[in-house]
Amino acid sequence: QVQLVESGGGLVQAGGSLRLSCAASGSIYSSDAMGWYRQAPGKERELVATISSGNTNYADSVKGRFTISRDNAKNTVYLQMNSLKAEDTAVYSCKYRSTLFYRDYWGQGTQVTVSS
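In this text the structure is predicted, and so the values were computed from the model without any measurement.

A. Looking closely at the packing of aromatic side chains. Under the criterion given, the structure shown has 2 aromatic pairs. Arranged with centres 5.1 Å apart and planes meeting at 65°, the rings of Tyr 37 and Trp 106 form a pair that is edge-to-face. Linking Tyr 37 in strand E4 (residues 34-39) with Trp 106 in strand E10 (residues 103-106), this pair joins segments that are 69 residues apart in sequence. The partly exposed category is assigned to Trp 106, whose relative accessible area is 31%. Ring geometry for Phe 101 against Tyr 105: centres 6.4 Å apart, planes inclined by 75°, an arrangement best described as edge-to-face. A residue is classified by how much of its surface remains accessible, and Tyr 105, at 5% relative accessible area, is buried. In this structure, Arg 45 packs its charged tip against the face of Trp 106, placed 3.7 Å from the ring centre. Taking the ring centre of Tyr 105 as reference, the NZ or CZ of Arg 103 above it sits at 3.9 Å.

Cut-offs applied
Residues numbered from 1 in each chain as written. Predicted model: local features only at pLDDT ≥ 70, side-chain atom pairs only at ≥ 80, totals over all residues. Heavy atoms only, no water. Phe/Tyr/Trp six-rings, centres within 6.5 Å; stacked < 30°, edge-to-face > 60°. Helix = DSSP H or I, 4+ residues; strand = E, 2+ residues; numbered from the N terminus. Buried < 20%, exposed > 50% of the residue type's maximum accessible area, 1.4 Å probe, protein only. Lys NZ or Arg CZ within 6 Å of the ring centre and 35° of its normal.

Structure representation (structure tokens):
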């Protein structure tokens, strides 16, 4: 199985930065994809960024502001968020796609609040 623990959320002013971390444990493979998703109040969960074998993908709304990275030695994926906007306010969750167990695993989520 896989366990995910996110950290790094908080309250920040518009224009500020935060870095989220997601530490994975269990049956982890560096070739498996990981990603960040977010859900704002009253909205559906949406993809923010994914990383797989070094390839990255971003939502249009965060391109140029957010950067996803992965440290395979630490089994940790990061989301560096710069130039934050009020509309980035959401619960951010980490996802691990296991090719061993043929399923997705989710972290508990971390709140990011951007004040305008």
